[in-house]
Amino acid sequence: MSTVPRCVVAIDAGTTGVRSRAIFPGGNAPVVAAYREFTQHYPDNGWVEHDADEIWQAVLATLAEVIAQVGPDAVAAIGITNQRETVLAWSRRTSTPFGTAIVWQDRRTAERCDQLFAEGQLPLVRETTGLVLDPYFSASKIEWLLTHRDIPLDDDLALGTIDSWIVWRLTGGAAHVTDPSNASRTMLLDIRSLHWSQPLCDLFGVPMSALPEVRPSSGRFGVTSAELTGVPAGIPISGIAGDQQAALFGQACFAPGMAKNTYGTGSFILLNVGDTCPPPAEGMLTTVAWTLAAESGAGGTVAYALEGAIFVTGAAVQWLRDGLGIISSAAEVGPLAASVSDSGGVYVVPAFTGLGSPWWDPYARGTIVGITRGTTTAHLARAVIEAMAYQTRDAVDAMSAAAGVQIADLRVDGGASAVDAMLQMQADQLGVTVRRPADQETTALGAAYLAGLAEGVWPSLAAIADEWSVDTVFVPEPDRTFTDLGHATWQRAVACSRDWIMH
Ligand SMILES: Nc1ncnc2c1ncn2[C@@H]1O[C@H](COP(=O)(O)OP(=O)(O)OP(=O)(O)O)[C@@H](O)[C@H]1O
Ligand SMILES: [Mg+2]
C-alpha cells in the first residue's frame, strides 16, 4: 500500500497569470505552488487579447513544477479553473490557435450587441442563457473571430473557452470538452437542458460541431497524454469550473442562500439558488454553478447561481500603482486608505471598460468627482476601495430585488479582500456579516475539490465543508445614516459616468 499522501493539483488559469497548486485533504499541508504571469495585448481601444500558446506554456511549466515538488505518485487528479468567457479557435489537426484569444474584458462587439438588441433578440438570449446582451460573453466574440479571421468552417475547427483549450493540450487532443459553468457564459448554452442551443448557434453563425462536449464539472474528462514534458501520463483530469463558480465551490457555498464575493481584477458575487433554474429577470445573470457526475461523491446534481459581475475592483488598485504611480505595490492601498477616516467627498467610479451589474453600460467610462484643493492620494486610495463596496452593494441590491431573496451573510476572497477597511465598509453597506476564510485562494480550492470529489480524495460535500475555516468576521454597524448617505452620493457619481461615449 502506498504511504504517499494524495493531493489534487489545481490549475488556476486566470486573466493575468496561471497558478498551479497542490491541495491536500486536511488543509494544513504547506503550500506547494508555482505561478507564471503572461502578456496582456491591447491592440486597439477597448480590445484585450491573450496568446493561447503562452497560456498553455504557463500551464505546463507551473504544473510540472508542482508535480516535481510533491512527487508524481502523490497526484490523484488535476482540477482546472479558468478566466471565463475568453474564447479562441484552433486546428484539431495541429493544435495551433487561429490567432489570439479574445478576452472577457474586450468590448469590440458592443455595437454588434446593440444591433442584436435592436433586432429584438434579447428575449431569446435571456430565456435560453440567463444572460444579458453584452459584449462580455463569448458568442459575439466567436462570431467576430469567425468573420474577421480566415478560419475554415470545417471538421478541423475547434472552438472553446480556456478550460477546453487546456484539456485539449493536456490530453494531447483526445478530449474536446467543457463543463456547464464555463459553457453557461458563452451565450450559446441552454441553461435548463445543459445542451448547446441551436437557435443561438444559428444567430451567431457558430457551427455546433466545433464546440466542446459539455460534461459534469465534477467527473472524469480525460487523462494526461504521454507527450508532456515534466507531467506523467495518465493523471485523471476530473474537475472543471469557471473561476467564479469554482470560488463559490471553494467557499463551500453548497446550500441555497449562501453567497460569496471575490475581489480580484473585477468582483463577482454568486448566490447559490439551488437545483432549479429561476426565471431570468431583467439585468440579472443566471448561471450554472456546477454539475456533479452521478458517480461522484455527491452524485448527479446541478446547482444554479445568480451573479453580479463587476468588471473593475482590484484592477483600479493596479491603476493607482501603474497608471498614477501613487503606490508602488497593491498591498500599499489598504494602509494608505486607512490613513484617512473618509474619502473627503471624493468618489471614483472605475468604469474603465464600461459598467456591468446592474447597469450593463459598455459606454460608461471612469469618473472622479468631488475633488477639492484638500484632496490627497490617501483620499483617492480610499475612494478606490470604497468603490469596491459600493459597486457590490449595487449588484446585491439588484439581485435581491430580482430574486426576492435576501443574502444572509457573505463569504469573501480574492486579492483585495486583504483590505480590512474595505470589508468593514462592505458589511456596513450591505447590512450583513462578511466572513473572510483562512485560505483565500478559493478559486484553486474549488477546482481541487471538484476533481477530488470525483476521484474519492474527498468523500462528500460535507467533508469539503469541514475544511472551511474563518479568518476574520466583519459585523455591520447598526446605524445606517452615513452608510446610506454615502451610497446615495455614490449613485450620483455613477450617473456621471454613464453613457459617456457617443454611440
Ligand atoms: N493587498 C492587497 N490590497 C489590495 N488589493 C490587492 C492586494 N493584493 C492584490 N490586490 C489586487 O487584487 C487583484 C489580484 O487579485 P486576484 O489574484 O484574486 O485576481 P484575479 O482576478 O483572480 O486575477 P486573475 O484573473 O489573473 O486570476 C489585483 O487587481 C490587485 O490589484
Ligand atoms: Mg483568479
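These numbers come from a predicted model, not from an experiment. (Residues numbered from 1 in each chain as written. Chains lettered and ligands numbered in written order. Predicted model: local features only at pLDDT ≥ 70, side-chain atom pairs only at ≥ 80, totals over all residues.)

J.: An account of the site of ligand 1 is needed here, citing residue identities and associated values.
T.: Near ligand 1 you find 20 residues, and of these G14, T15, G264, G314 and G415 are the closest. Listing elements by their share of the shell around ligand 1, those giving two or more residues are helix 9 (314-322) and helix 10 (333-338). Broken down by element, the shell around ligand 1 gets its largest block of residues, four residues, from helix 9. Classifying every residue of the shell around ligand 1 gives eight nonpolar, twelve polar and no charged. (Near = placed C-beta within 6 Å. Helix = DSSP H or I, 4+ residues; strand = E, 2+ residues; numbered from the N terminus. Nonpolar A, V, L, I, M, F, W, Y, C, P; charged D, E, K, R; others polar.)

J.: I'd like a rundown of the nonpolar core, residues and numbers included.
T.: Among the nonpolar cores identified, the biggest contains 157 residues, and V8, V9, I11, V59, I166, V333 and V384 are the most heavily contacted of them. Residue contributions to this core peak at twelve residues, all from helix 11 (residues 377-403). Those residues in contact with I166 that sit more than four places away from it in its chain are I11, A13, W56, V59, I80 and N82. (Core = buried A, V, L, I, M, F, W, Y, C linked by C-beta atoms within 7 Å. Buried ≥ 20, exposed ≤ 12 C-beta atoms within 10 Å, placed from the backbone. Contact = placed C-beta atoms within 7 Å.)

J.: Help me get a handle on the pairing of strand 15 (residues 259-263), residues and values and all.
T.: Most of strand 15 sits out of view: five of its five residues are buried. Because side chains alternate across strand 15, one face comprises the buried residues A259, N261 and Y263, and the other comprises K260 and T262, equally buried. Both strand 15 and strand 16 (residues 267-274) contribute to a ladder of five bridges, which runs antiparallel. Counted as the bridge partner of A259 is L271 from strand 16. Taking the residues between adjacent antiparallel strands as the criterion, strand 15 and strand 16 are bridged by three residues. (Pairing = 2+ DSSP bridges.)

J.: So what's going on with helix 12 (residues 420-430)? Which residues, and what values?
T.: The element helix 12 is largely enclosed, with a buried count of eight among its eleven residues. At its buried positions, helix 12 is contacted by helix 11, strand 21 (409-413), strand 22 (433-437), strand 23 (470-474) and helix 15 (481-497). Where helix 12 terminates, the next one or two residues include G431, which has phi positive at roughly 70°.

J.: So, unusual backbone geometry: which residues are in play, and what are the values?
T.: Put simply, S357 and P358 share a cis peptide bond, and its omega is -10°. Even without a glycine there, the phi angle at E85 is positive, about 70°. Considering the arrangement of structural elements, one finds E85 in the loop between strand 5 (75-82) and strand 6 (87-91). Residues other than glycine seldom take positive phi values, yet S95 does so here, at roughly 55°. Tracing the sequence through the fold places S95 in the loop between strand 6 and strand 7 (101-102). Residue classification places S95 among the partly exposed residues on the basis of 16 C-beta atoms within 10 Å.

J.: Can you break down the pairing of strand 14 (residues 236-242) residue by residue, with the values?
T.: For a regular strand, side-chain orientation follows a simple rule: the groups alternate between the two sheet faces. The element strand 14 is extensively covered by neighbouring structure, given that six of its seven residues are classed as buried. Judged from the five bridges that link them, strand 5 and strand 14 form a sheet pairing that is parallel. The residue of strand 14 that forms the bridge with I80 is I240. Direction of pairing for strand 13 (residues 218-223) relative to strand 14: antiparallel, over a ladder of three bridges. When the bridges of strand 14 are listed, G222 appears paired with I237.

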